[in-house]
Amino acid sequence: EPEVTQTPSHQVTQMGQEVILRCVPISNHLYFYWYRQILGQKVEFLVSFYNNEISEKSEIFDDQFSVERPDGSNFTLKIRSTKLEDSAMYFCASSEIQGARRVYGYTFGSGTRLTVV
Amino acid sequence: SQQGEEDPQALSIQEGENATMNCSYKTSINNLQWYRQNSGRGLVHLILIRSNEREKHSGRLRVTLDTSKKSSSLLITASRAADTASYFCATDVQGAQKLVFGQGTRLTINP
């Protein structure tokens, strides 16, 4: 069964450093997403991406965050200058279709646990 | 209450019993999805119910949706120890390109 692959599984970084989280979505999917989950809390939407541009973003996704699909297979999330409160599990997801026509759920990756020290 | 709010927050039952989790939401939706998350792991899609459906089954899972009350329930029948996990409802919000997750229900099945 196709999977969404995320690397690394765990990253520790110093406050103020830049981090790039990587994701390889399912190959025939067109919609890509990043979510995060602070330990013990609910899963929060960060950004959705379609046709090489951001289609929606949350309040969390401020100027410190950016996304990119550099080569047609990878989908990355960059945090420019990490803060302690960015520590969380970051999930990438992809889907084939969006909106009312959807019949299947999203496919999520296993996540990257980001620890900012 | 928040969009996609589940209750109970935690549920502990004996193996073989049925587990019911509820979810309420606020906005108009295209569909509602349920996901499972084992501790520290990724989210696994369980079942999707569209806004024009009222009930859906998949194996031991039964989902209902009441759009007039903006609520859904997930029933797991004949529970097993392996069903121990957190369960989240997520609404596919109409007019938006995102899922909004609830707080989740932590389900513990005691052998």
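These remarks concern the structure in this document. Every chain is numbered on its own, with residues counted from 1 as its sequence reads. Lettering of chains starts at A and numbering of ligands starts at 1, both following the order in which they are written. In keeping with the predicted nature of the model, local features appear solely for residues at pLDDT of at least 70, side-chain atom pairs appear and are counted solely at 80 or more, and the whole-chain, interface and lining totals rest on all residues. Just so you know, side-chain values use all the structure's heavy atoms and leave hydrogens and water out.

## Some words on the overall build of chain B
Using the following cut-off: Helix and strand definitions here come from DSSP, where helices need a minimum of 4 consecutive H or I residues and strands a minimum of 2 consecutive E residues; each element is numbered from the N-terminal end. Our radius of gyration looks at C-alpha atoms and nothing else; its globule reference is 2.2 Å times the residue count to the power 0.38. Exposed residues in this analysis have more than 50% of their type's maximum accessible area, buried residues have under 20%, and partly exposed residues fall in between, with area computed by a 1.4 Å probe over protein chains only. We call two residues in contact whenever any of their non-hydrogen atoms come within 4.5 Å of each other. Only the protein chains shown count as cover for residues, with accessible areas throughout obtained via the Shrake-Rupley method and a probe of 1.4 Å. Lys and Arg are tallied as positive, Asp and Glu as negative. Neither His nor the chain termini are counted. Where a charge lies is defined by one atom per residue type: Lys uses NZ, Arg uses CZ, Asp uses CG and Glu uses CD.
For chain B, the count of helices and strands is 0 helices and 11 strands. Each helix (α) and strand (β) of chain B, taken in turn from the N terminus, gives the series β-β-β-β-β-β-β-β-β-β-β. Taking 2.2 N^0.38 as the reference for a compact globule, 111 residues should give roughly 13 Å; the C-alpha atoms of chain B span a radius of gyration of 13 Å, in line with that estimate. By its C-alpha atoms, chain B is 45 × 25 × 25 Å across when sized along the principal axes. Here chain B holds 111 residues, and the buried ones make up 47% of them. The long-range share in chain B, meaning contacts at least 24 apart out of those at least 6 apart in sequence, stands at 55%. For chain B, the accessible surface area stands at approximately 5,100 Å², while carbon and sulfur atoms represent 43% of it. Positive and negative side-chain charges in chain B, numbering 13 and 10 respectively, have mean positions lying 5 Å apart.

## Here we look at the pattern of salt bridges
Spelled out, the test is: By convention in these notes, a salt bridge is any Lys or Arg side-chain nitrogen within 4 Å of a carboxyl oxygen on Asp or Glu.
Evaluation of the coordinates by the stated rule reveals 4 salt bridges over all chains. Note that Glu56(A) is salt-bridged to Lys98(B), the shortest N-O span being 3.7 Å. Taken as a pair, Glu56(A) in strand β6 (residues 53-57) and Lys98(B) in the loop between β9 (85-93) and β10 (99-101) lie in two separate chains rather than in one. Judged by relative accessible area, Lys98(B) falls into the partly exposed class, the value being 23%.

## Notes on the side chain of Asp83(B)
Residues and elements named next belong to chain B. Stated formally: Under the rule applied, a polar contact is a pair of N or O atoms within 3.5 Å (in protein, one hydrogen donor and one hydrogen acceptor; residues adjacent in sequence only if both atoms are side-chain atoms).
Mapped onto the secondary structure, aspartate 83 falls in the loop between β8 (71-76) and β9. A relative accessible area of 7% places aspartate 83 in the buried class. A distance of 2.8 Å separates the side chain of aspartate 83 from the backbone nitrogen of arginine 80, its partner in a polar contact. Once residues lying within four places of it in the same chain are set aside, the contact partners of aspartate 83 are Arg36, Arg60, Ile76, Leu107 and Ile109.

## Some thoughts on the sheet that holds strand β1 (residues 5-7) of chain A
Residues and elements named next belong to chain A. Stated formally: At least two bridges found by DSSP between two strands are what make those strands a pair. Helix axes are fitted only over the stretch in contact, all axes being lines through C-alpha atoms; the angle between N-to-C directions runs from 0 to 180 degrees.
Pairing within the open sheet is antiparallel, and its 4 strands lie in the order β1-β3-β8-β7. In this open sheet, the two edge strands, each paired with only one partner strand, are β1 and β7 (65-68). Across the sheet, the mean angle from the axis of one strand to that of its neighbour is 20 degrees, orientation sign disregarded. Here β1 runs beside strand β3 (residues 19-24); their pairing, made up of 3 bridges, is antiparallel.

## Some points on the state of the cysteines
Applied cut-off: A pair of cysteine sulfur atoms is labelled a disulfide when the two atoms are within 2.5 Å.
Inspection of every chain in the model, using the stated rule, returns 2 disulfides over all chains. Between the sulfur atoms of Cys23(A) and its disulfide mate Cys92(A) the distance is 2.0 Å. In this structure the cystine formed by Cys23(A) and Cys92(A) twists about its S-S bond by roughly -65 degrees; its chirality is therefore left-handed. Of this pair, Cys23(A) sits in strand β3 while Cys92(A) sits in strand β9 (residues 88-95), and the two are 69 residues apart along the sequence. Taking relative accessible area as the criterion, Cys92(A) reaches 0% and is therefore assigned buried. Between the sulfur atoms of Cys23(B) and its disulfide mate Cys89(B) the distance is 2.0 Å. Its S-S torsion of about 65 degrees marks the bond between Cys23(B) and Cys89(B) as right-handed, since a negative value means left-handed. Of this pair, Cys23(B) sits in strand β3 (residues 19-24) while Cys89(B) sits in strand β9, placing them 66 residues apart in sequence. According to the relative accessible area criterion, Cys23(B) is buried, its value standing at 2%. Residue Cys89(B) is classed as buried on the basis of its relative accessible area, which comes to 0%.

## Brief notes about the layout of surface pockets
Our working definition: Definitions used throughout: a 1 Å grid over protein atoms alone; a cavity as a set of points that fits a 1.4 Å probe which cannot get out; a pocket as an open set with protein on both sides within 12 Å along at least five of seven lines; a lining residue as one with an atom within 4 Å of a point. Grid points are joined across faces, edges and corners, and a volume is the space filled by probe spheres set on the points. Each residue is assigned to one of three groups, with Ala, Val, Leu, Ile, Met, Phe, Trp, Tyr, Cys and Pro labelled nonpolar, Asp, Glu, Lys and Arg labelled charged, and all others, Gly among them, labelled polar.
Here the largest pocket is characterised by a volume of approximately 700 Å³. What lines the largest pocket is a set of 25 residues, among which Glu1(A), Pro2(A), Tyr106(A), Thr107(A) and Phe108(A) lie closest to the centre. When residues in the lining of the largest pocket are grouped by element, the largest group, 3 residues, is from strand β5 (residues 43-50) of chain B. In the lining of the largest pocket, the residues fall into 10 nonpolar, 9 polar and 6 charged. If you add up the space inside the second largest pocket, you get close to 530 Å³. Taken together, 22 residues line the second largest pocket, and the ones lying closest to its centre are Gln37(A), Gly40(A), Gln37(B), Ser86(B) and Arg106(B). At the level of elements, β9 and β11 (105-110) of chain B are the ones that each hand at least two residues to the lining of the second largest pocket. Of the residues contributing to the lining of the second largest pocket, the split by class is 7 nonpolar, 13 polar and 2 charged.

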